[in-house]
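Single-letter residue listing:
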Amino acid sequence: DGFNSVFPIRQMQLFNILELDEMFCGSTQPVTIEMLEAYSVCDHGYTQNSRAVHFLFNIIASMTPTELRKFILFVTGAPRLPVGGLKNLKPPLTIVRKTPDPTFDVPSKIADALPSVMTCANYLKLPDYTLEETMREKLFLAMMEGQNSFHLS
């Protein structure tokens, strides 16, 4: 019985395979700059007008579906956004300025720092990189290398 006792299997015939996939697995819709502007929060040193936030939005909006899935997994701990996409992410994606730790006391060393996250709060801690390409490189490195690790930051 299991699932059938909660939702009769015969009722699933009302939905096509894509609708079922989204209901059970979450959204796979692309993320646009407009969505990011509308449904993300900037805090602790960043605003929607910050250079780093513009860089980040450009990078996310240009990601392939596979890259976007890795980014979402990196930030949220889940490979897909909830049904309805970014607007239904709770808590919302929050982008904050990652301040240098004492080992990065020279401004030029900021470029060596990696972004970090708090997946339970959908919180992205992002250094204030001066170049978009540096941010892309460091973000992708953090997404790839940080998937199966846990660090206090």
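Coordinates for the structure precede this section.
So, how was this worked out
- Residues numbered from 1 in each chain as written.
- Predicted model: local features only at pLDDT ≥ 70, side-chain atom pairs only at ≥ 80, totals over all residues.
- Heavy atoms only, no water.
- Salt bridge = Lys/Arg side-chain N within 4 Å of Asp/Glu carboxyl O.
- Helix = DSSP H or I, 4+ residues; strand = E, 2+ residues; numbered from the N terminus.
- Buried < 20%, exposed > 50% of the residue type's maximum accessible area, 1.4 Å probe, protein only.
- Expected span 1.5 Å × (residues − 1).
- Contact = heavy atoms within 4.5 Å.

Okay, the pattern of salt bridges next. Following the criterion strictly, the structure yields three salt bridges and no others. Note that D128 is salt-bridged to R51, the shortest N-O span being 3.3 Å. Pair noted here: D128 is in the loop between β4 (123-126) and α6 (132-145) and R51 is in helix α4 (residues 51-61), with a separation of 77 residues, a long-range link. When its relative accessible area of 39% is taken as the criterion, R51 is described as partly exposed. Three or more residues joined by partner-sharing salt bridges are found here, namely R51, R97 and D128.

To continue, consider α6. For the α-helix, the turn length of 3.6 residues means that residues three or four positions removed from each other point alike. The terminal C-alpha atoms of α6 lie 20 Å apart, and with 14 residues this matches the ideal 20 Å at 1.5 Å per residue to within 8%. Along α6, the positions that sit buried rather than exposed are T134, M135, K138, L139, F140, A142 and M143. Against α4, α5 (65-76) and β4 lie the buried residues of α6.

Purely geometric stuff here, so don't read any function into it on its own.
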